[in-house]
Protein chains: 2
Amino acid sequence: MATCARCGKELVLPGRGRRPLYCSRSCQARAYRARRSVVVTPVREQRGEAGLSRELIVRTAVRIADADGLESLSMRHVASALGVKVMSLYNYFAGKEELIDLMVEAVFADGLDSGPPIRGGWRAELEAAARWEWEIYSAHPWLLEVIATVRPPLVPSLLARFERGLGAFDGLGLDPVTTHRLYLGVSGLVQGLALLRVSEIAAGRRGGGISLSQWRAVTVPAVYEKLGAGRYPRQSALRDSPDVLADLEEIFTINLRIMLDGLAGFVETA
Amino acid sequence: MATCARCGKELVLPGRGRRPLYCSRSCQARAYRARRSVVVTPVREQRGEAGLSRELIVRTAVRIADADGLESLSMRHVASALGVKVMSLYNYFAGKEELIDLMVEAVFADGLDSGPPIRGGWRAELEAAARWEWEIYSAHPWLLEVIATVRPPLVPSLLARFERGLGAFDGLGLDPVTTHRLYLGVSGLVQGLALLRVSEIAAGRRGGGISLSQWRAVTVPAVYEKLGAGRYPRQSALRDSPDVLADLEEIFTINLRIMLDGLAGFVETA
DNA sequence: AGGACATGACGTACATCGTAAGGAGGCAGA
DNA sequence: TCTGCCTCCTTACGATGTACGTCATGTCCT
């Protein structure tokens, strides 16, 4: 009397080979899913057949996150953008976290190998790395939300970028730990300034249909007013200054220069 | 024939005064809630009566967020920590966003007026402001998540901090726009480096019960391995370096010094 | 004194989220 | 034709934020 290889129920039909037997196709499918663990092998994709694929799903998810922000990146949203039902996505990813990991990987890998390595000494190389990171956060603001809320995305392409950034310090005679610290500083400055853009964009989205400047025009004076006119003279002096979002490139440029100046002093004395 | 002041239905009983009349207690309550708009006036609280209060709720929410992170800050969680049902909280806040605003306000206001203003020139003042911001993000890692995902929290205490920070540049002869840019640079560096801590902590929480170092020990070599041993020599050299989390104070100190050095050069030539 | 209003705690209900569990059926090889 | 591999699907669950309405208190005016 043979039994089902998964649920143990007795089988009416005796098995003919030495393969496992299942009491139903459901039991068989479930055993299959348990067997293949987390890593999905996209077979159809290799054969170039139509239908879903990890890459297609990731591209769609990135497009949604770019346009509407991370908060509207729901599995249902992605699925419906692909004309597919939600649970179909789970044939390609273990869950939303893995999808986001792959989104990060895809974005950081984009253009990774393009162009020759920058020449011109550590300063030019570092500046190039910083500008590249800056532009990625500009194009994909959700990246910083992921970094801030979810995890340090230890994806290969990010490690590659990191490695290239560390390489800027080659030949300066610094020890690895110091190199690491310095590069984290430059990268931190970029990320911190990029946060300005992210939060401004998020604020704009939150304001409903109104533009950012309209939103600011409403709330900022209200806050100032509530606290007394003369209490914040320095910020009041900024009322007619360019909007932070409009001034962002200038802010980035001037502060990157300052940081690199400081670094120059450091490597000279070291 | 009088009508309900809210829903317009005809009333059977004619009104006797000139007050608005309502067709039911529900209509009256709803009109009341609409009338008091967003700002809630906590009357009981003033009288020192027991029960809920905005401040108590905010304190509880901050405690939860400090301990378990922003993602486990749910209204139900806060309510149950207070021994209260969920909807009771909505008598004190328009919604979760307002609660979070007040959490930010409370945290930034804490210790705002303590101590005399720092003397010792712009550099000492800036450094003090940066260190203070750094410590706040250390104590309340969820703050950066709020900044990154939700909104620029234009709460009064934050504006006050900002104003004080801008004040460090007083007397240097810089124009307001430049001052603004420079301060955003220092603050950006602090926030960017603080992101390191936030993401490390989030990663640790994500790993379930295991500690951060255990998690790293598992995943980081796995990533390295998958990509070939010699492909990331500079990061491989860091394998035995102190953990980022352990090294964070050093990373902050050295990079703040570098940034301030760069700033010194800037203000001298300006 | 009596009734209208202010205030706050609560129950119910709903849409949306991630995703676990399992079923239906196309496909390829035996 | 059968069997296992693989994909897509339906159903369902628990958690979330919160709209709406109800009830029980106070408080105050007449």
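Nothing here was measured: the structure is a model prediction, and the numbers come from that model.

Trainee: Quick question: what am I supposed to make of the overall build of chain A here?
Mentor: Helix and strand counts for chain A stand at 12 helices and zero strands. Starting at the N terminus and ending at the C terminus, chain A contains elements arranged as α-α-α-α-α-α-α-α-α-α-α-α. Per-residue burial over chain A gives 44% buried out of 270 residues. Sequence-distant contacts, at least 24 apart, represent 63% of the contacts inside chain A between residues at least 6 apart. When the accessible surface of chain A is split by element, carbon and sulfur atoms take 53% of a total near 14200 Å².

Trainee: Looking at this structure, how should I read helix H8 (residues 156-167) of chain B?
Mentor: In an α-helix there are 3.6 residues to a turn, and that puts residues three or four apart on one side. Residue and element names in this part refer to chain B. Helix length check: H8, at 12 residues, gives a terminal C-alpha distance of 16 Å against a target of 16 Å (1.5 Å per residue), a fit within 8%. Of all 12 residues that make up H8, nine are buried, and the element is covered over most of its length. Looking at H8, one finds that the buried residues are Ser157, Leu159, Ala160, Arg161, Phe162, Glu163, Gly165, Leu166 and Gly167.

Trainee: Teacher, can you tell me more about the side chain of Asp247 of chain B here?
Mentor: Relative to the helices and strands, Asp247 of chain B is located in helix H12 (residues 244-269). Here Asp247 of chain B falls in the buried class, since its relative accessible area comes to 6%. Here the side chain of Asp247 of chain B touches Arg181 of chain A through a polar contact of 2.7 Å, side chain to side chain. Other than its neighbours up to four places away in sequence, Asp247 of chain B contacts Val177 and Arg181 of chain A together with Pro242 of chain B.

Trainee: Looking at this model, I keep getting lost on the relation of the copies chain B and chain A. Mind explaining?
Mentor: Related by rotation about an axis and a shift along that axis, the two copies of the chain form a pair. Turning chain B through 180 degrees and shifting it by 0.0 Å along the axis lays it on chain A, with an RMSD of 0.0 Å. Here the symmetry operator amounts to a two-fold rotation axis. Mapped onto chain A, 100% of the interface residues of chain B are again interface residues, and the two copies thus contact each other with one and the same surface.

Trainee: Any chance you could explain the confidence of the model for chain A here in plain terms?
Mentor: The predicted coordinates should not be examined in detail at positions where pLDDT is low. Residues and elements named next belong to chain A. Model confidence for chain A is summarised by a mean pLDDT of 79, while 68% of its residues fall at 70 or above. Per-element mean pLDDT across chain A ranges from 47 in helix H2 (residues 43-46) up to 96 in helix H4 (residues 75-81). Across residues 208-213 the pLDDT falls below 50, and counting only partners more than four positions away or on other chains, this stretch makes six contacts in the model.

Trainee: Explain the packing of helix H5 (residues 96-109) of chain B against H8 of chain B here, please?
Mentor: The axes of two packed helices give the description: the angle between them and the distance between them. Residue and element names in this part refer to chain B. Contact pair H5 / H8: the axes reach a minimum separation of 7 Å and the direction vectors enclose 40 degrees. When the axes of H5 and H8 are compared, the pair comes out oblique. Facing Val104, Glu105, Phe108 and Ala109 of H5, the residues of H8 in contact are Pro156, Ser157, Leu158 and Arg161. Residues of the contact of H5 with H8, tallied by class, amount to five nonpolar, one polar and two charged.

Trainee: Hey, could you run me through the UniProt feature "DNA-binding region" (unreviewed entry) in chain A in this one?
Mentor: In the numbering used here, UniProt assigns the "DNA-binding region" (unreviewed entry) feature to residues 74-93 of chain A. Secondary structure content for residues 74-93 of chain A is 35% helix and 0% strand, and the end C-alpha separation is 14 Å.

Trainee: Sorry if this is basic, but what is going on with the packing of helix H3 (residues 54-68) of chain A against helix H5 (residues 96-109) of chain A here?
Mentor: Residues and elements named next belong to chain A. One way to put it is that H3 packs onto H5 with a least axis distance of 9 Å and a crossing angle of 85 degrees. Overall, the two elements H3 and H5 adopt an arrangement that is roughly perpendicular. Across the interface between the two elements, Arg54, Ile57, Val58, Ala61, Val62 and Ala65 of H3 pack against Glu98, Leu99, Leu102, Met103, Ala106 and Val107 of H5. In the contact of H3 with H5, the residues fall into 10 nonpolar, no polar and two charged.

Trainee: Looking at this structure, I do not really get the environment of Ser53 of chain A. What am I missing?
Mentor: Mapped onto the secondary structure, Ser53 of chain A falls in the loop between H2 and H3. A polar atom in the side chain of Ser53 of chain A sits 3.1 Å from the backbone nitrogen of Leu56 of chain A.

Trainee: How do you make sense of the interface of chain B and chain A when you look at a structure like this?
Mentor: Many descriptions give the size of an interface as the accessible area lost when the pieces come together. At the junction of the two partners, chain B supplies 65 residues and chain A supplies 65 residues. When chain B packs against chain A, the two sides together hide about 5700 Å² of surface, and 69% of this comes from carbon and sulfur. Salt-bridge contacts for Arg234 of chain A lead to Glu163 of chain B; the nearest nitrogen and oxygen are separated by 3.4 Å. Along the contact surface separating chain B from chain A lie 12 residue pairs in polar contact (both at pLDDT 80 or more).

Trainee: I'm lost on the packing of aromatic side chains in this one. Help?
Mentor: The description of an aromatic ring pair rests on the distance of the ring centres and on the angle between the ring planes. Summed over all chains, the structure comprises six aromatic pairs over all chains. For the pair Trp134 of chain A and Phe252 of chain A, a centre-to-centre distance of 4.2 Å together with 5 degrees between the ring planes defines the contact as stacked. Of this pair, Trp134 of chain A sits in helix H6 (residues 121-139) while Phe252 of chain A sits in helix H12 (residues 244-269); the two residues are 118 residues apart in sequence, bridging distant segments of the chain. Accessibility classification places Trp134 of chain A together with Phe252 of chain A in one group, the buried group. Seen from their ring centres, Phe162 of chain B and Tyr183 of chain B are 5.1 Å apart, and the 85 degrees between their planes marks the pair as edge-to-face.

Trainee: Is there a simple way to explain the nonpolar core in this structure?
Mentor: The tendency in soluble globular proteins is for nonpolar side chains to be buried side by side. Counting residues in each nonpolar core, the largest one holds 131 residues, and the members touching the most others are Met103 and Trp142 of chain A together with Met103 and Trp142 of chain B. Sequence-distant contacts of Met103 of chain A, defined by excluding residues within four places in its chain, comprise Val58, Ala61, Val62, Ala65, Leu73 and Trp142 of chain A.

Trainee: How do you make sense of the pattern of salt bridges when you look at a structure like this?
Mentor: Two side chains of opposite charge can pair, provided their charged atoms sit close to one another. Under the criterion given, the structure shown has 16 salt bridges over all chains. Its salt-bridge partner being Arg181 of chain A, residue Asp247 of chain B comes within 2.7 Å of it at the nearest N-O pair. Remark: Arg181 of chain A occurs in helix H9 (residues 176-206) and Asp247 of chain B occurs in helix H12; the pair is interchain, linking two chains. Residue classification places Arg181 of chain A among the buried residues on the basis of a relative accessible area of 16%.

Trainee: Would you take a moment to explain helix H7 (residues 142-149) of chain B for this structure?
Mentor: Extensive coverage of H7 of chain B is indicated by the burial of seven of its eight residues. Of the residues making up H7 of chain B, those classed as buried are Trp142, Leu143, Leu144, Glu145, Val146, Ile147 and Ala148 of chain B.

Trainee: Explanation requested: the environment of Thr269 of chain A in the structure shown.
Mentor: Residues and elements named next belong to chain A. Mapped onto the elements, Thr269 comes out in helix H12. Under the relative-accessibility criterion, Thr269 is labelled exposed at 69%. Here Phe266 takes part through its backbone oxygen, which lies 3.1 Å from a polar atom of the side chain of Thr269.

Trainee: Mind showing me how you'd approach the environment of Phe162 of chain B here?
Mentor: Relative to the assigned elements, Phe162 of chain B resides in helix H8. In this structure the C-alpha to C-alpha distance between Phe162 of chain B and Tyr183 of chain B, which are 21 residues apart in sequence, comes to 8.6 Å. With sequence-adjacent residues up to four places away left out, Phe162 of chain B is seen in contact with Gln235 of chain A together with His180, Tyr183 and Leu184 of chain B.

What counts, and at which threshold
Residue positions within a chain follow its written sequence, with the count starting from 1. Here the convention is simple: chains get letters from A, ligands get numbers from 1, in the order in which they are written. Selection of residues for local features in this predicted model requires a pLDDT of at least 70, selection of side-chain atom pairs for listing and counting requires 80 or more, and totals for whole chains, interfaces and linings are taken over all residues. Hydrogens are left out, water is left out, and the side-chain values use all remaining heavy atoms of the structure. Comment: elements are numbered from the N terminus, with helices defined as DSSP H or I runs of at least four residues and strands as E runs of at least two. Working definition: with a 1.4 Å probe on protein chains only, accessible area under 20% of the residue-type maximum means buried, over 50% means exposed, and in between means partly exposed. Whether two residues are in contact is decided by their heavy atoms: any pair within 4.5 Å suffices. For the accessible areas, the method is Shrake-Rupley and the probe is 1.4 Å, while residue cover comes only from the protein chains on display. Working rule for helices: expected span equals 1.5 Å times residues minus one. N or O atoms closer than or at 3.5 Å make up a polar contact, with two conditions inside protein: a donor-capable atom paired with an acceptor-capable one, and, for residues adjacent in sequence, both atoms drawn from side chains. Least squares is used to superpose the copies, and the fit set is the C-alpha atoms of residues whose pLDDT is at least 70 in both copies. The quantity known as pLDDT measures the predictor's confidence residue by residue, on a range of 0 to 100. Axis definition: a line fitted to C-alpha atoms, limited for helices to the stretch in contact. Angles are taken between N-to-C directions and run from 0 to 180 degrees. Any angle that falls under 35 degrees is termed roughly parallel, while one over 145 is termed roughly antiparallel, one within 65 to 115 roughly perpendicular, and all others oblique. We call Asp, Glu, Lys and Arg charged. Ala, Val, Leu, Ile, Met, Phe, Trp, Tyr, Cys and Pro are nonpolar, and the rest, Gly among them, are polar. UniProt positions are given in the numbering used here, feature names are shortened, and annotations may be inferred rather than shown by experiment. Defined here as a combined quantity, buried area equals the accessible surface (1.4 Å probe) lost by two parts on assembly, summed across both. Any Lys or Arg side-chain nitrogen found within 4 Å of a carboxyl oxygen on Asp or Glu counts as a salt bridge. Aromatic pairing here means that ring centres of Phe, Tyr or Trp (its six-membered ring) are within 6.5 Å. Orientation follows from the plane angle: under 30 degrees is stacked, over 60 is edge-to-face, and everything else is tilted. Within this scheme, the nonpolar core is defined by two criteria: the residues are buried Ala, Val, Leu, Ile, Met, Phe, Trp, Tyr or Cys, and they are joined through side-chain atoms within 4.5 Å.

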